[in-house]
Amino acid sequence: MASVVDAFTASLDAVRSAAAAIPAEVALIKGLDHEALLTSLRALSEIRRIVDVRTSLIAGEISYRSRWDLGYDGFAQREGFRTPEALIQHETGSTARGALTLVHAGTMVHDALVHDAMVHDALAEREPGSELAPEPTREPWLAAVGAAVAAGVLTVDAANAIRSGLGEPSADATGAAGTDAAGAAGTGTTGGGVTGVTGDDLAAAAHTLLGEAATLDADRLLK
(Lines give C-alpha, C1' and ligand atoms only; values in the text may rest on other atoms or scores of the structure.)
Protein backbone atom coordinates (compact mmCIF):
# COMPACT_ATOMS: atom_id res chain seq x y z
CA MET A 1 0.00 0.00 0.00
CA ALA A 2 2.88 2.33 0.82
CA SER A 3 4.23 2.01 -2.72
CA VAL A 4 0.83 3.01 -4.14
CA VAL A 5 0.73 6.10 -1.94
CA ASP A 6 4.31 6.95 -2.88
CA ALA A 7 3.46 6.65 -6.57
CA PHE A 8 0.45 8.92 -6.09
CA THR A 9 2.42 11.66 -4.35
CA ALA A 10 5.25 11.31 -6.88
CA SER A 11 2.71 11.81 -9.68
CA LEU A 12 1.45 14.97 -8.00
CA ASP A 13 5.00 16.30 -7.75
CA ALA A 14 5.61 15.53 -11.43
CA VAL A 15 2.40 17.27 -12.51
CA ARG A 16 3.22 20.30 -10.37
CA SER A 17 6.68 20.56 -11.92
CA ALA A 18 5.34 20.12 -15.45
CA ALA A 19 2.65 22.76 -14.93
CA ALA A 20 5.20 25.20 -13.52
CA ALA A 21 7.32 24.67 -16.65
CA ILE A 22 4.57 25.92 -18.97
CA PRO A 23 5.66 29.41 -20.10
CA ALA A 24 3.60 32.27 -18.69
CA GLU A 25 4.94 35.04 -20.89
CA VAL A 26 2.52 37.44 -22.56
CA ALA A 27 4.90 38.01 -25.48
CA LEU A 28 4.96 34.28 -26.21
CA ILE A 29 1.17 34.02 -26.11
CA LYS A 30 0.82 37.00 -28.44
CA GLY A 31 3.09 35.21 -30.89
CA LEU A 32 0.64 32.30 -31.27
CA ASP A 33 -1.61 32.28 -34.31
CA HIS A 34 -5.36 31.68 -34.02
CA GLU A 35 -5.09 27.92 -34.43
CA ALA A 36 -2.32 27.66 -31.84
CA LEU A 37 -4.35 29.72 -29.39
CA LEU A 38 -7.33 27.37 -29.70
CA THR A 39 -5.11 24.29 -29.52
CA SER A 40 -3.46 25.62 -26.36
CA LEU A 41 -6.81 26.49 -24.80
CA ARG A 42 -8.17 23.01 -25.50
CA ALA A 43 -5.04 21.35 -24.12
CA LEU A 44 -5.13 23.39 -20.92
CA SER A 45 -8.86 22.71 -20.55
CA GLU A 46 -8.19 18.98 -20.84
CA ILE A 47 -5.44 19.24 -18.22
CA ARG A 48 -7.79 21.13 -15.93
CA ARG A 49 -10.48 18.49 -16.41
CA ILE A 50 -8.07 15.73 -15.44
CA VAL A 51 -6.89 17.64 -12.37
CA ASP A 52 -10.47 18.52 -11.39
CA VAL A 53 -11.42 14.84 -11.32
CA ARG A 54 -8.58 14.05 -8.91
CA THR A 55 -9.37 17.12 -6.82
CA SER A 56 -13.02 16.14 -6.58
CA LEU A 57 -12.02 12.64 -5.45
CA ILE A 58 -10.02 14.13 -2.59
CA ALA A 59 -12.86 16.53 -1.75
CA GLY A 60 -15.32 13.65 -1.69
CA GLU A 61 -13.09 11.67 0.68
CA ILE A 62 -12.68 14.70 2.96
CA SER A 63 -16.47 15.03 2.98
CA TYR A 64 -16.93 11.36 3.85
CA ARG A 65 -14.40 11.57 6.69
CA SER A 66 -16.17 14.70 7.95
CA ARG A 67 -19.74 13.29 7.97
CA TRP A 68 -22.01 14.41 10.77
CA ASP A 69 -22.22 11.05 12.55
CA LEU A 70 -18.52 11.36 13.42
CA GLY A 71 -19.14 14.57 15.35
CA TYR A 72 -15.98 16.25 16.61
CA ASP A 73 -13.94 13.26 15.45
CA GLY A 74 -14.71 14.18 11.84
CA PHE A 75 -11.82 15.32 9.67
CA ALA A 76 -13.01 18.91 9.14
CA GLN A 77 -13.87 19.41 12.83
CA ARG A 78 -10.48 18.10 13.90
CA GLU A 79 -8.84 20.59 11.54
CA GLY A 80 -10.84 23.43 13.08
CA PHE A 81 -13.55 23.82 10.43
CA ARG A 82 -17.30 23.41 10.84
CA THR A 83 -17.82 21.77 7.46
CA PRO A 84 -15.70 19.97 4.86
CA GLU A 85 -16.59 22.71 2.38
CA ALA A 86 -15.07 25.32 4.70
CA LEU A 87 -11.90 23.24 4.99
CA ILE A 88 -11.64 22.79 1.22
CA GLN A 89 -12.32 26.49 0.60
CA HIS A 90 -9.52 27.41 3.01
CA GLU A 91 -7.02 25.01 1.45
CA THR A 92 -7.81 25.80 -2.19
CA GLY A 93 -8.57 29.51 -1.92
CA SER A 94 -11.78 28.94 -3.86
CA THR A 95 -15.23 30.40 -3.34
CA ALA A 96 -17.73 28.64 -1.10
CA ARG A 97 -19.61 27.62 -4.24
CA GLY A 98 -16.43 26.21 -5.78
CA ALA A 99 -15.73 24.13 -2.69
CA LEU A 100 -19.30 22.83 -2.65
CA THR A 101 -19.04 21.96 -6.35
CA LEU A 102 -15.95 19.85 -5.65
CA VAL A 103 -17.64 18.07 -2.76
CA HIS A 104 -20.75 17.29 -4.78
CA ALA A 105 -18.69 16.03 -7.73
CA GLY A 106 -16.51 14.00 -5.41
CA THR A 107 -19.59 12.42 -3.85
CA MET A 108 -20.87 11.39 -7.28
CA VAL A 109 -17.52 9.93 -8.29
CA HIS A 110 -17.19 8.05 -5.00
CA ASP A 111 -20.70 6.67 -5.37
CA ALA A 112 -19.83 5.46 -8.86
CA LEU A 113 -16.51 3.88 -7.96
CA VAL A 114 -16.37 2.86 -4.32
CA HIS A 115 -18.42 -0.30 -4.83
CA ASP A 116 -16.73 -1.24 -8.08
CA ALA A 117 -15.01 -4.64 -7.90
CA MET A 118 -11.59 -3.17 -8.65
CA VAL A 119 -11.95 -0.69 -5.82
CA HIS A 120 -12.96 -3.43 -3.40
CA ASP A 121 -9.97 -5.49 -4.53
CA ALA A 122 -7.70 -2.53 -3.84
CA LEU A 123 -9.22 -2.03 -0.39
CA ALA A 124 -8.80 -5.73 0.38
CA GLU A 125 -5.08 -5.42 -0.28
CA ARG A 126 -4.63 -2.78 2.42
CA GLU A 127 -2.41 -3.61 5.33
CA PRO A 128 -4.16 -5.27 8.34
CA GLY A 129 -5.95 -2.73 10.48
CA SER A 130 -6.30 -0.19 7.69
CA GLU A 131 -9.40 -1.58 6.00
CA LEU A 132 -12.18 0.85 5.23
CA ALA A 133 -15.79 -0.08 5.93
CA PRO A 134 -17.98 -0.19 2.82
CA GLU A 135 -19.44 3.24 2.18
CA PRO A 136 -23.14 3.74 1.54
CA THR A 137 -24.13 5.03 -1.86
CA ARG A 138 -25.49 8.50 -1.16
CA GLU A 139 -27.01 9.45 -4.53
CA PRO A 140 -27.31 6.21 -6.53
CA TRP A 141 -29.34 7.84 -9.32
CA LEU A 142 -26.22 9.85 -10.21
CA ALA A 143 -23.88 6.86 -10.49
CA ALA A 144 -23.60 7.20 -14.28
CA VAL A 145 -22.77 10.90 -13.88
CA GLY A 146 -20.00 10.13 -11.40
CA ALA A 147 -18.64 7.45 -13.70
CA ALA A 148 -18.56 9.94 -16.59
CA VAL A 149 -16.59 12.40 -14.47
CA ALA A 150 -14.15 9.67 -13.41
CA ALA A 151 -13.69 8.67 -17.06
CA GLY A 152 -12.85 12.25 -17.98
CA VAL A 153 -15.75 12.65 -20.42
CA LEU A 154 -17.76 15.03 -18.21
CA THR A 155 -16.51 18.11 -16.40
CA VAL A 156 -17.06 18.72 -12.71
CA ASP A 157 -19.20 21.76 -13.53
CA ALA A 158 -21.34 19.80 -15.99
CA ALA A 159 -21.84 17.02 -13.46
CA ASN A 160 -23.05 19.52 -10.89
CA ALA A 161 -25.36 21.08 -13.45
CA ILE A 162 -27.04 17.70 -13.94
CA ARG A 163 -27.19 17.12 -10.19
CA SER A 164 -28.74 20.52 -9.51
CA GLY A 165 -31.21 20.23 -12.37
CA LEU A 166 -32.47 16.78 -11.39
CA GLY A 167 -32.82 17.33 -7.66
CA GLU A 168 -33.77 14.37 -5.49
CA PRO A 169 -36.42 11.65 -5.71
CA SER A 170 -39.85 12.70 -4.51
CA ALA A 171 -41.15 9.14 -4.26
CA ASP A 172 -39.89 5.64 -3.52
CA ALA A 173 -39.64 2.87 -6.09
CA THR A 174 -43.35 2.08 -5.76
CA GLY A 175 -44.38 5.64 -6.53
CA ALA A 176 -45.34 6.45 -2.94
CA ALA A 177 -44.63 10.05 -2.05
CA GLY A 178 -41.41 10.62 -0.14
CA THR A 179 -41.33 12.43 3.17
CA ASP A 180 -38.05 14.33 2.99
CA ALA A 181 -37.05 14.61 -0.65
CA ALA A 182 -36.87 17.97 -2.36
CA GLY A 183 -37.92 16.59 -5.74
CA ALA A 184 -36.84 19.36 -8.07
CA ALA A 185 -38.49 17.50 -10.94
CA GLY A 186 -41.87 17.88 -9.28
CA THR A 187 -44.70 15.53 -8.35
CA GLY A 188 -48.23 14.97 -9.41
CA THR A 189 -51.33 12.87 -8.81
CA THR A 190 -53.15 10.60 -11.16
CA GLY A 191 -56.26 8.51 -10.59
CA GLY A 192 -56.51 9.60 -6.98
CA GLY A 193 -53.15 7.99 -6.10
CA VAL A 194 -50.05 9.87 -5.08
CA THR A 195 -47.23 9.58 -7.58
CA GLY A 196 -43.80 11.13 -7.81
CA VAL A 197 -40.33 10.94 -9.26
CA THR A 198 -38.31 7.90 -8.16
CA GLY A 199 -34.57 7.37 -8.12
CA ASP A 200 -34.94 5.17 -11.19
CA ASP A 201 -36.70 8.03 -12.98
CA LEU A 202 -33.83 10.38 -12.18
CA ALA A 203 -31.25 7.78 -13.22
CA ALA A 204 -32.95 7.48 -16.61
CA ALA A 205 -33.03 11.28 -16.95
CA ALA A 206 -29.33 11.43 -16.03
CA HIS A 207 -28.50 8.98 -18.84
CA THR A 208 -30.43 11.16 -21.29
CA LEU A 209 -28.59 14.28 -20.16
CA LEU A 210 -25.23 12.54 -20.42
CA GLY A 211 -26.00 11.88 -24.07
CA GLU A 212 -26.54 15.60 -24.63
CA ALA A 213 -23.72 16.87 -22.42
CA ALA A 214 -21.02 16.61 -25.11
CA THR A 215 -22.55 19.48 -27.08
CA LEU A 216 -23.61 21.72 -24.19
CA ASP A 217 -21.73 23.92 -21.75
CA ALA A 218 -22.60 23.63 -18.05
CA ASP A 219 -25.06 26.57 -18.06
CA ARG A 220 -27.02 25.23 -21.02
CA LEU A 221 -26.96 21.73 -19.55
CA LEU A 222 -28.49 23.04 -16.32
CA LYS A 223 -31.31 24.70 -18.24
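Structure shown above.
Quick caveat: nothing in here was measured; it's all calculated off a predicted structure.

Criteria and thresholds
Residues numbered from 1 in each chain as written. Predicted model: local features only at pLDDT ≥ 70, side-chain atom pairs only at ≥ 80, totals over all residues. Heavy atoms only, no water. Axes fitted to C-alpha atoms, helices over the stretch in contact; angles between N-to-C directions. Helix = DSSP H or I, 4+ residues; strand = E, 2+ residues; numbered from the N terminus. Parallel < 35°, antiparallel > 145°, perpendicular 65-115°, else oblique. Contact = heavy atoms within 4.5 Å. Nonpolar A, V, L, I, M, F, W, Y, C, P; charged D, E, K, R; others polar. Left-handed = near helix turned anticlockwise from the far one by under 90°. Patch = residues over 30% accessible without salt bridge, like charges linked within 9 Å, V, L, I, M, F, W, Y side chains within 5 Å. Areas by Shrake-Rupley, 256 points an atom, 1.4 Å probe, with all protein chains shown as cover. Salt bridge = Lys/Arg side-chain N within 4 Å of Asp/Glu carboxyl O. Buried < 20%, exposed > 50% of the residue type's maximum accessible area, 1.4 Å probe, protein only. Arc of directions from axis to C-beta. Phe/Tyr/Trp six-rings, centres within 6.5 Å; stacked < 30°, edge-to-face > 60°. Lys NZ or Arg CZ within 6 Å of the ring centre and 35° of its normal. Core = buried A, V, L, I, M, F, W, Y, C linked by side-chain atoms within 4.5 Å. Polar contact = N/O pair within 3.5 Å; in protein donor to acceptor, adjacent residues only side chain to side chain.

Student: Explain the packing of helix H3 (residues 34–65) against helix H6 (residues 96–113) here, please?
Tutor: When two helices pack together, their arrangement is given by the angle between the helix axes and the distance between those axes. Look at H3 against H6: their axes get within 7 Å of each other, and the N-to-C directions meet at 90°. Of the possible angle classes, the one that applies to H3 and H6 is roughly perpendicular. Facing H3, whose interface residues are Asp-52, Thr-55, Ser-56, Leu-57, Ala-59, Gly-60, Glu-61 and Ser-63, H6 presents Leu-102, Val-103, Ala-105, Gly-106, Thr-107, Val-109 and His-110. Residues of the contact of H3 with H6, tallied by class, amount to 6 nonpolar, 7 polar and 2 charged.

Student: Is there a simple way to think about the packing of helix H5 (residues 84–92) against H6 in this case?
Tutor: Two elements in contact, H5 and H6, have axes separated by 8 Å at closest approach and are oriented at 115°. Relative to H6, H5 is oriented so that their crossing is right-handed. The residues of H6 that touch H5, namely those facing Glu-85, Ile-88 and Gln-89, are Ala-96, Ala-99, Leu-100, Leu-102 and Val-103. Classifying every residue of the contact of H5 with H6 gives 6 nonpolar, 1 polar and 1 charged.

Student: Help me understand a nonpolar patch on the surface, please; the structure alone is not making it clear to me.
Tutor: A cluster of nonpolar residues, Val-15, Ile-22, Leu-44, Ile-47 and Val-51, forms a patch on the protein surface that exposes about 400 Å² of accessible area. Of all the elements, H3 adds the most residues to the nonpolar patch, at 3 residues. Checked against the element boundaries, Ile-22 lands in the loop between helix H1 (2–20) and helix H2 (26–30).

Student: How do you make sense of helix H8 (residues 143–150) when you look at a structure like this?
Tutor: Given 3.6 residues per helical turn, the α-helix brings residues three or four places apart onto the same face. Every buried residue of H8 is accounted for by Val-145, Gly-146, Ala-148 and Val-149. Buried residues of H8 fall within an arc of 160° about the axis and therefore sit on the same side. Summarising the contacts, the buried residues of H8 are in contact with H3, H6, helix H9 (156–166) and helix H10 (199–213).

Student: Whenever I open this one, the packing of aromatic side chains confuses me. Can you help?
Tutor: Aromatic ring pairs are defined here through the distance separating the ring centres and the angle between the ring planes. One pass over the full model with this rule turns up 0 aromatic pairs. The aromatic ring of Tyr-64 is capped on one face by Arg-67, whose charged end is 4.2 Å from the ring centroid.

Student: Looking at this structure, how should I read the nonpolar core?
Tutor: Where a protein is soluble and globular, its nonpolar side chains tend to be buried together. Counting residues in hydrophobic clusters, the biggest one holds 22 residues, and the most contacted among them are Val-145, Val-149, Leu-154, Ile-162, Leu-166 and Leu-221. Going through the elements one at a time, H6, H8, H9 and H10 are the ones with two or more residues in this core. Here the element with the most residues in this core is H9; it accounts for 6 residues. In this view, Ile-162 contacts Val-145, Leu-154, Leu-209, Leu-210 and Leu-221; residues no more than four positions away in its chain are not counted. Counting residues in each nonpolar core, the second largest holds 9 residues, with Ala-59, Ile-88, Leu-102 and Val-103 among its members.

Student: Got a minute to help me understand the side chain of Ser-66 in this structure?
Tutor: With respect to the helices and strands, the residue Ser-66 is situated in the loop between H3 and helix H4 (75–78). Ser-66 sits in the buried class, given a relative accessible area of 12%. A polar atom in the side chain of Ser-66 sits 2.7 Å from the backbone oxygen of Ile-62.

Student: Looking at this structure, how should I read H9?
Tutor: Of all the 11 residues making up H9, 8 are buried; the element is thus mostly covered by neighbouring parts of the structure. Those residues of H9 lying buried are Val-156, Ala-158, Ala-159, Asn-160, Ala-161, Ile-162, Arg-163 and Leu-166.

Student: In this structure, what is going on with the pattern of salt bridges? I would like to understand it.
Tutor: Two side chains with opposite charge may pair up if their charged atoms get near one another. Taken as a whole, this structure holds 5 salt bridges when the rule is applied. The closest approach of N and O atoms between Arg-48 and Asp-52, which form a salt bridge, is 3.7 Å. With Arg-48 and Asp-52 both in helix H3, this residue pair falls 4 residues apart, about one helical turn. By relative accessible area, Asp-52 is classed as partly exposed at 24%.

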